[in-house]
Amino acid sequence: MKNYILAALLVGAAVNLKAQQEISYEVSFPNAVHHEAEISMTIPNVPTNAPLRVRFARSSPGRYATHEFGKNAYRLKAFDANGKALALKQPAGDVFEIAKPSAKVKITYTLFGNWIDGTYAGFDEAHAHMNIPAVFAFPVGMDKRARTVKFNYTGKTDWKVATQLKPLGNGVYHAKDFQYFMDSPIEISAYQAASFEVKNSDGKIQTIHLMAHSDDDEMSVFNYANMLKKVVDEQKAIFGELPNFDFGHYYFLHCVHPSYAGDGMEHRNSTVIVQRTPKIGGNESNLLGTFSHEFFHAWNVERLRPKTLEPFNFTHSNVSDELWFAEGFTQYYGNLTLKRAGFRTLESITRTLNGLVNAVSNSPGAKNFSPVQASRYAVFADAGVAVDQTNQQNIFTSYYTYGAAVALALDLRLRSDFNLSLDDYMKALWKTYGKPEIAYTIPDLEKTLATLTKNPTFATKFFKEFIYSTNKEDYASLLLKAGLVLRKEKAGKAFSGINRWYENEGKLTLPATLVGTPAYAAGLDINDVILKVDGVDIKNAKDFDAALEKHQPGETIDVTFSRKGVERTTKLTLIENPTLELLPIENTGATLTPAMKTFRDKWLESAVK
Ligand SMILES: [Zn+2]
């Protein structure tokens, strides 16, 4: 009994200590019309024997390049408990230091934000839209401390807060620590909500909320939520269960307006989706792709999480070898789910798959760099900001596309050779790493494939060839098993490698040329202006195509072009057009066999039982 009382006292003391450590923010929007928010941060129990550093983030979960979020914060001031100003130094653009802090420090600043997407912040008369790393300064070395945030929006009677953060009442929200806070975006607006419940395999109810900030009527939002439920059900069938969302809730924070920047950004119990259509109603089919992709992330990346992203570093970019899986497999399933849920036709999913196969078969990035290398380049490519030219078109194929093509190959291989599917693989990974939240490495992914197939040789070979190097699966023979014919779209036609142009004022200007194409080999480069082919004047792309029509693959043409105002000539040897097309076999005049149909249906039809 005595012990019990002592233990109870200790627990009480621990709770108190936690409250005393809590960092509290307040946010108000007195100048929302000009996109400003006023923010304060109060830090109790500051160690007074060392300088206190406060900084802004340079990266954000789900984004892989760096972003200087500190650039939009100004009028930063520091005060002690009595409101007396404390001296501040600024050792870096986004870092502030108080050499002699008091035990309680209050920081205040103004933040500008006028970019509505999943990465930045936007304040205006319609809403306050916040990605946390873009908004909130934080003290260095206090990551374990809980956070509360309170919003003041007097005068905006129809505004409500939408967030995965735990509500404490009176407009106050709570995060257990720094990482959790940074992962919890917030939308405050007059949004409309529609929710649905999903019973999980353990019997627990999970509630999924659509918070739609758009110009739609209630019925459109309700209908759209019903469509989302079908997507959620299909994805649940893949993994066998929904994740256990914190507090039993998951939120789609949806902002719709043509003036916004389009984006989808996954988080642990929510996703921000910003789309550039006038309304949801009438555009559902176009909007669903992002929802399907982002919800799949609730398993793949939020819980089934690469070790390289744990813990997420907010002061520099987070390089990861695994984005071909985290993003690519998510991309693959985002599309596949829509087909299974009945929101895509066979023709439409076939076009999507053809895009994947074309990208990995014909882009120099995928020919010369592995999926792992493509993943590592994300720190420069993923909304990275630069003013100088890069060679991205020759060294990078998006890990979304590349990874989705790997997923396609593995899915078809598992179905074809093992009587298994990628669904089985995702389920196995979920059980081993996702649900228990053990961060994985690429060798872990390989090990699970070996266990699943009971064939370690296959697993090792697959990873060696298709993940660590640039080999590609035999897509044509695999796709044919599902009755899909992969073939050259323009067989026998000559190809120069130039299929994008800048046409203006009767001038045909080249974009960057691609490694491995005749144009690149002929020495043609970005900004060259094509003047003549075989001595005939070229004024536009039509003229160029007409000149090409007269030739066969293997023939050489004379190209006259202008570079920096100087006329030059080169010889360009044409090849056969390598562009691929993918068609249902029944559309080619051949027969869909019963075996093909069974294979196809098991793959593309609903998995919900
Ligand atoms: Zn994604």
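What counts as what
Residues numbered from 1 in each chain as written. Predicted model: local features only at pLDDT ≥ 70, side-chain atom pairs only at ≥ 80, totals over all residues. Heavy atoms only, no water. Pairing = 2+ DSSP bridges. Helix = DSSP H or I, 4+ residues; strand = E, 2+ residues; numbered from the N terminus. pLDDT = per-residue confidence, 0-100. Contact = heavy atoms within 4.5 Å. Donors = N, O, S within 2.8 Å, 3.2 Å for Na, K, Ca; no water. Buried < 20%, exposed > 50% of the residue type's maximum accessible area, 1.4 Å probe, protein only. Domains from an automatic or database assignment. Salt bridge = Lys/Arg side-chain N within 4 Å of Asp/Glu carboxyl O. Core = buried A, V, L, I, M, F, W, Y, C linked by side-chain atoms within 4.5 Å. Axes fitted to C-alpha atoms, helices over the stretch in contact; angles between N-to-C directions. Parallel < 35°, antiparallel > 145°, perpendicular 65-115°, else oblique. Left-handed = near helix turned anticlockwise from the far one by under 90°.

**Student:** How would you sum up the pairing of strand β3 (residues 52-55)? Please name residues and give values.
**Tutor:** Of the pairings in the sheet, the one linking β3 to strand β6 (residues 95-98) comprises four bridges and is antiparallel in character. By the bridge assignment for β6, Arg-53 is matched with Glu-97. Of the pairings in the sheet, the one linking β3 to strand β10 (residues 138-139) comprises two bridges and is antiparallel in character. Directly across from Val-54, in β10, lies its bridge partner Pro-139.

**Student:** Can you tell me about the confidence of the model for the protein chain, naming the residues and giving the values?
**Tutor:** In the predicted model, the protein chain carries a mean pLDDT of 95, and 97% of its residues have values of at least 70. In the predicted structure, residues 1-8 sits below a pLDDT of 50 and forms zero contacts with residues beyond four places in sequence or in another chain.

**Student:** Explain the environment of Thr-157 to me, using residue names and the numbers behind them.
**Tutor:** Relative to the elements of secondary structure, Thr-157 occurs in the loop between β11 (147-152) and β12 (160-163). Sequence separation between Thr-157 and Asn-49 is 108 residues; the distance between their C-alpha atoms is 45 Å.

**Student:** Residue-level account of the coordination of the zinc ion, with values.
**Tutor:** Donor atoms from the polypeptide that coordinate the zinc ion comprise His-293 (NE2), His-297 (NE2) and Glu-327 (OE), at 2.0 Å from the metal. Read in sequence order, the donor residues coordinating the zinc ion give the pattern H-x3-H-x29-E. Of the two residues examined, His-293 and His-297, each falls in the buried class.

**Student:** Quick one: what's the story with the sheet that holds β3, residue by residue and with numbers?
**Tutor:** Pairing between sheet strands relies on hydrogen bonds along the backbone, with the strands arranged either parallel or antiparallel. One open sheet holds the four strands; their spatial order is β5-β6-β3-β10, and the pairing between them is antiparallel. Of all the strands in the sheet, just β5 (89-92) and β10 have a single pairing partner and so form its edges.

**Student:** Summarise the domain arrangement of the protein chain; cite the residues concerned and give the values.
**Tutor:** With domains assigned, the protein chain is organised as domain 1 (19-189), domain 2 (299-484) and domain 3 (494-576). Look at where the C-alpha atoms of domain 1 and domain 3 centre, and you get two points 54 Å apart.

**Student:** Lay out the pattern of salt bridges with the relevant residues and their values.
**Tutor:** Under the criterion given, the structure shown has 25 salt bridges. Note that Lys-461 and Glu-465 form a salt bridge whose closest N and O atoms lie 3.2 Å from each other. Of this pair, Lys-461 and Glu-465 are both found in helix α15 (residues 456-466), four residues apart, which corresponds to roughly one turn of the helix. A salt bridge links Glu-581 to Arg-487, with the nearest nitrogen and oxygen atoms 2.8 Å apart. In this pair, Glu-581 sits in strand β30 (residues 580-584) while Arg-487 sits in strand β21 (residues 484-488), placing the two residues 94 residues apart along the sequence. Taken together, the shared-partner salt bridges in this structure form one network comprising Arg-53, Lys-89 and Glu-97.

**Student:** Pulling in residues and values, what's your account of the nonpolar core?
**Tutor:** Core analysis: the largest hydrophobic core is formed by 95 residues, its most contacted members being Trp-324, Phe-325, Phe-329, Tyr-332, Tyr-425, Leu-479 and Trp-603. With eleven residues, helix α12 (residues 399-418) is the largest single contributor of residues to this core. Counting residues in hydrophobic clusters, the runner-up holds 52 residues, among them Ile-43, Val-54, Tyr-173 and Ala-175.

**Student:** An account of the packing of helix α13 (residues 422-434) against helix α14 (residues 442-453) is needed here, citing residue identities and associated values.
**Tutor:** Running from amino to carboxyl end, α13 crosses α14 at an angle of 120 degrees, the nearest separation of the two axes being 10 Å. Put simply, α13 runs oblique to α14. Crossing hand, α13 versus α14: right-handed. In this structure, α13 uses Asp-424, Tyr-425, Ala-428, Leu-429 and Tyr-433 to contact α14, whose residues at the interface are Asp-444, Leu-445, Glu-446, Lys-447, Thr-448, Leu-449 and Leu-452.

**Student:** Outline the sheet that holds strand β17 (residues 205-213), listing residues and values.
**Tutor:** Strand order in the open sheet formed by five strands is β16-β17-β18-β20-β19, with mixed pairing between adjacent strands. Strands at the two margins of the open sheet, each flanked by one partner only, are β16 (192-199) and β19 (263-266). Adjacent strand axes in the sheet meet at a mean angle of 15 degrees when their direction is disregarded. Pairing of β19 with strand β20 (residues 270-275) involves four bridges; the strand directions are antiparallel. Bridge assignment links Glu-266 to a residue of β20, and that residue is Thr-271. The strands touched by helix α4 (residues 218-239) within the sheet are β16, β17 and β18 (249-256), with β16 carrying the most contacts at an inclination of about 30 degrees.

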